[in-house]
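# Summary of the model geometry
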Amino acid sequence: MLGNSLVVALAAGLALEVVANPVTRTGALKQREIPSTHALHERHAPHWGQKWTKRSKVPANVMLPVRIGLKQNNLLAGHHKLMDLSDPESANYGKHMTPEEVIDFFAPHESSVDTVRDWLHSSGISAERITLSANKQWLQFDAKTGEVEELMFADFYVWEHSDGSSDMSTESYHLPSKIQEHVDYITPGTRLRSRAHAAKEKKMKRSFKNDVRPFITELPGFPNPNSTTCSLYVTAECTRSQYNIPKGTTKFPGNELGIFESLDDHYSKKDLDVFFKTLYPDLNVPTGTYPEERLIDGAIGAIETPSPIYPLEVGLESSLDFDSAWPLIWPQGTVLFQTDDEYYEYTLNFTGFWNTFLDAIDGSYCNYAAFGEKGDCTKPECLDPQYPDKNPGGYTGKLQCGVYKPTNVISISYGGGEADLPDYYMQRQCAEWMKLALQGTTTVISSGDSGVGDNGDCPTKPDGSEVFYPDFASSCPYVLSVGSTEWDRYSNSTPPTPYEKLNEVATARFPSGGGFSNIFPQPPWQALEVNKYVETVGKTLPFSSYAQFPHNADFSHVGKGVYNRLGRAYPDVASVGDRQLVLGGGDWYLIGGTSLSAPVWGAVLTLINEERLKAHKPTLGFVNPILYAHPEVFNDVTVGSNPGCDTVGFKASKGWDPVTGLGSPNFAKLSKLLNSI
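Treat the numbers as computed from the prediction; the structure is a model and nothing was measured. Sequence order sets the numbering: in each chain, residues are counted from 1 along the sequence as written. Owing to the predicted nature of the model, reporting of local features is limited to residues with pLDDT of at least 70; listing and counting of side-chain atom pairs is limited to 80 or more, with chain, interface and lining totals taken over all residues. The side-chain figures draw on all heavy atoms in the structure; neither hydrogens nor water molecules are used.

Here a strand is any run of E in DSSP of at least two residues, a helix any run of H or I of at least four, and the numbering for each starts at the N terminus. Scanning the protein chain from terminus to terminus reveals 17 helices and 30 strands. We compute the radius of gyration over the C-alpha atoms and compare it with the globule rule, which gives 2.2 Å times the number of residues raised to the power 0.38. Here the protein chain has a C-alpha radius of gyration of 26 Å; the compact-globule value for 677 residues is 26 Å, and the two agree. Whether a residue is buried, partly exposed or exposed follows from its accessible area with a 1.4 Å probe, protein chains only, as a fraction of its type maximum: under 20%, in between, or over 50%, in that order. Among the 677 residues that make up the protein chain, the fraction classed as buried is 60%. In what follows, residue pairs with any heavy atoms lying within 4.5 Å of each other are defined as contacts. For the protein chain, restricting intrachain contacts to residue pairs at least 6 apart in sequence, the fraction spanning at least 24 positions comes to 81%. Within the structure as shown, the protein chain displays about 25800 Å² of accessible surface, and the carbon and sulfur contribution to it stands at 54%. By the counting rule applied here, Lys and Arg register as positive and Asp and Glu as negative, while His and the ends of each chain are not counted. The atom standing in for a charge is NZ when the residue is Lys, CZ when it is Arg, CG when it is Asp and CD when it is Glu. Of the charged side chains in the protein chain, 58 are positive and 80 negative, and the gap between their average positions amounts to 4 Å. Using the Shrake-Rupley algorithm and a 1.4 Å probe, accessible areas are obtained, with residue cover drawn only from the displayed protein chains.

Okay, structure coming up:
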């Protein structure tokens, strides 16, 4: 990846000299003659010429950091491997891979490495200049611009975007035909990226912030809930009763529930002590029982941890996650994955998300090259926290790579919009969720609290009409996306009875996130259920669909329709998502959001893993295919909708729907199914 400082220097020192006289394709430079042994590998997209202008030639003596991304072996085969490991009918079911096996499985063939090395050597790049990344996915060397141009039959220029930003690239480059099959991409290459994305960055931060600031009602004091108040105050006893969940009795080592936190949201040790003592005295949780803290890149876990520069506040997201899930799985414990130092957490001076977390639980991801991108993003449109961090209060150590083992189940109550990050960024992350699934990790993610998209924030077509705004990472097919429901009494004309069965409907205080991806295609395991909805209920909706995948949220070529019926559909499942009783900062709250629904499902799967471990079976890993094959193990939720983007949104219906997925868990049936395989 070309360093930002180099681009800035080139733009400042060269482009200003020729601003009034852009270089044209018919300029003075002699056109290179491409030998018959070579073929075009990449070139500019035709529409780039509308906003980018070629300015100045990059001098031949400028040193460039060259990265050759090798075509990954088995990237598609990884999907098929995961399907095999997740198929109860397969002899390989549950035979999860080790991290080392995953690295070797996806590494380019050794012959590819040797072939590309030999080509470089024969082209004048000596062996001592070339290094292979630890994950075996890319070769790197430094070379002068003139060398690179001769090697790639390219001509590098500084280009200026209509927004005033600059980048460096060649309009095309060629490789020997025998080398092409081994190379995915080369940087610097043909890619151009605008750097003026301030509005988009702001929108991204707002999107993530909204998703992690749950819907809150502060109570005047402890409400003394009981068995007749589950429609008013949701507690662990209510969740057990409505979903037929038994109390936990075991705590197998290594089966703790992982909970992800970020964006300066912190739990309180004092609150946890009071919470368990006040609301769940029957669990006999010892004072001083806290999550195991796996802190990433200088992160702070508990609010009680000193923070000398930036003030800390109790985060109600963290309180909600632990207060909803932990009582369900006790005596099993929890693990906190908290990301990033307080400079980044407090200032939110970044636009990417999850990469530093994925780095920490999979060391190979730090330098993982895929979809034209390697390692954490340094571009403004997807900027990840950078370490060492020299900002005040920053973490001065190296980026943490592979320092923690992922838990069997990880609950994540954060998300953002697909339209707010580059496609390649999300595709690279989604491939990583697949790799974690191959290792037996179940990733559970909330589907968002804005229905089909926030009114006023949805992407638009050239005519100004809105399209739906899918949530990422719920749109990645390798995570379990969870929507939200609420419990209401069937009738208020009669007195409530202890743990009476309540009417489960889609949440009304906020719309549960759901829809169809514009990036990831529909996976085969959900096709039957999803297409049934599209062909029946979908035809009764007051809006239509389209059948294409807009690139990088460019909807200029989308005609009629507001959602992509060919995309991965979400959520997969649902659970209670409102009126959870939570203690935060010494005060009691009722809190809602799919931020509640995800940890409830995380707890359900953790309990089933406890049962499987007791029976000497492997943990569940990737569960999506088997869940879609057995809709009978869910409580079907058929009432409600998820409005947004100034529409009524989708409607809940019989079977799968884009509001509540397959439905909420009937634990007795779900456990019987998942323990039978």
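With that settled, the discussion passes to the sheet that holds strand β2 (residues 52–57). At least two DSSP bridges between two strands are required for those strands to pair. Strands sit in the order β2-β6-β7 across an open sheet of three strands; the sheet is antiparallel. At either margin of the open sheet sits one strand with a lone partner, and together these are β2 and β7 (166–170). Direction aside, the axes of adjacent strands within the sheet are offset by 40° on average. Fitted lines through C-alpha atoms serve as axes, helices being fitted only where they are in contact, and the angles separating the N-to-C directions of these axes extend from 0 to 180 degrees.

Below, the discussion takes up the state of the cysteines. Any two cysteine sulfur atoms lying within 2.5 Å of each other are counted as a disulfide. Counting across every chain of the model gives five disulfides. Counting only the cysteines that take part in disulfides, in the order they occur along the protein chain, gives the pairing 1-2, 3-6, 4-5, 7-9, 8-10.

All right, on to the nonpolar core then. Only buried Ala, Val, Leu, Ile, Met, Phe, Trp, Tyr and Cys residues count toward a nonpolar core, and they belong to the same one when joined by side-chain atoms within 4.5 Å. Counting residues in hydrophobic clusters, the biggest one holds 139 residues, and the most contacted among them are W354, F357, I412, W433, Y478, W601 and F650. Counting residues per element, this core draws most heavily on helix α13 (residues 423–438), which supplies 10 residues. Once residues lying within four places of it in the same chain are set aside, the contact partners of W433 are W354, F357, L358, I412, T443, F472, A473, C476, Y478 and V479. Membership of the second largest hydrophobic core comes to 30 residues, among which are V58, V113, A154 and V183.

A word on helix α9 (residues 269–279). The complete set of buried residues in α9 reads D271, L272, D273, F275, F276 and L279. Buried residues along α9 sit against α10 (316–329), β27 (580–584) and β28 (587–592). In the analysis that follows, any N or O atom pair within 3.5 Å is treated as a polar contact, provided that within protein one partner can donate a hydrogen and the other can accept it, and provided that, for residues neighboring in sequence, both atoms belong to side chains. Two or three places before K270, at the opening of α9, S268 has a side-chain oxygen 3.3 Å from that residue's backbone nitrogen.

To continue, consider the side chain of N635. Mapped onto the fold, N635 is located in strand β29 (residues 634–635). Given a relative accessible area of 19%, N635 falls into the buried group. Side-chain polar atoms of N635 contact the backbone oxygen of P665, separated by 3.1 Å. Those residues in contact with N635, other than ones at most four positions away along the chain, are Q242, Y243, E504, L662, G663, S664, P665 and N666.

Attention now moves to the sheet that holds β27. One open sheet accounts for three strands, arranged β10-β28-β27; its pairing is antiparallel. Two strands bound the open sheet, and with one partner strand each, they are β10 (215–218) and β27. Across the sheet, the axes of successive neighbouring strands diverge by a mean angle of 40°, strand direction being ignored. Two strands pair when backbone bridges link them, and β27 and β28 are joined in this way by five bridges, in the antiparallel orientation. Within β28, the position partnered with G584 by the bridge is D587. With respect to the sheet, α9 is in contact with β27 and β28, its orientation differing from that of β27 by roughly 140°.

The next subject is the side chain of Q526. Within the secondary structure, Q526 is located in the loop between β22 (515–521) and α14 (527–535). Those residues in contact with Q526 that lie beyond four places of it in its chain are G567, R568, A569, D572 and Y628.

Side chains that carry opposite charge are capable of pairing whenever their charged atoms lie near each other. Each reported salt bridge corresponds to a side-chain nitrogen of Lys or Arg within 4 Å of a carboxyl oxygen of Asp or Glu. Scanning all chains against the criterion turns up 13 salt bridges. With a shortest N-O distance of 2.7 Å, E171 and K54 are connected by a salt bridge. A residue pair is termed long-range when its members are at least 10 positions apart, and E171 in the loop between β7 and β8 (172–176) and K54 in strand β2 qualify at 117 residues. In this structure, E171 and K54 share a single accessibility class: buried. Two residues, E500 and R489, come together in a salt bridge whose shortest N-O distance is 2.7 Å.

Let's shift gears to the packing of aromatic side chains. Only rings of Phe, Tyr and Trp enter the pairing, Trp through its six-membered ring, and a pair is recorded when the two centres are within 6.5 Å. The plane angle decides the type: under 30 degrees is stacked, over 60 is edge-to-face, the rest tilted. In this structure the tally under the stated criterion is 42 aromatic pairs. Aromatic side chains F275 and Y280 sit 5.5 Å apart centroid to centroid with 70° between the ring planes, which places their arrangement in the edge-to-face category. Each residue in the set F222, Y267, F275, F276, Y280, F322, W326, W330 and W588 is aromatic and connected to the rest through ring pairs, giving one cluster. Note on criteria: charge over ring means Lys NZ or Arg CZ within 6 Å of the ring centre, with the direction from the centre no more than 35 degrees off the ring normal. Its end group placed over the ring of W138, K374 keeps NZ or CZ at 4.1 Å from the ring centre. It is R428 that lies over the ring of Y365; its NZ or CZ is 4.1 Å from the centre.

Turning our eyes to something else, we now look at unusual backbone geometry. The step from W330 to P331 runs through a cis peptide bond, and the omega angle for that step is 15°. With respect to the secondary-structure elements, P331 resides in the loop between α10 and β13 (334–339). In this model, Y570 is joined to P571 through a cis peptide bond whose omega is 5°. Of note, P571 is situated in the loop between β25 (567–570) and β26 (573–576).

Relative to the helices and strands, S319 is located in helix α10. For S319, a relative accessible area of 5% corresponds to the buried category. For the pair S319 and L583, spaced 264 residues apart in the sequence, the C-alpha separation amounts to 6.7 Å. Setting aside its immediate chain neighbours within four residues, S319 contacts V314, V582, L583 and G584.

The next subject is helix α17 (residues 667–675). Among the residues of α17, F667, L670, S671, L673 and L674 are the ones counted as buried. Looking straight down α17, one finds that the buried residues subtend no more than 165° of arc, so they occupy a single side. Where the residues of α17 are buried, they touch α8 (236–243), α15 (594–614), α16 (624–629) and β30 (664–665). What the arc describes is the spread of directions from the helix axis to the C-beta atoms.

Mapped onto the elements of the fold, I103 is located in helix α3 (residues 99–106). Judged by its relative accessible area of 24%, I103 falls in the partly exposed class. Residues I103 and K136, spaced 33 residues apart in sequence, show a C-alpha to C-alpha distance of 8.2 Å.

This part takes up the environment of A569. By secondary structure assignment, the location of A569 is in strand β25. In this structure A569 comes out as buried when scored by relative accessible area, which is 0%. As a C-alpha pair, A569 and P523 span 46 residues in sequence and 8.7 Å in three-dimensional space. With sequence-adjacent residues up to four places away left out, A569 is seen in contact with G515, F516, Q526, V530, Y628 and W656.

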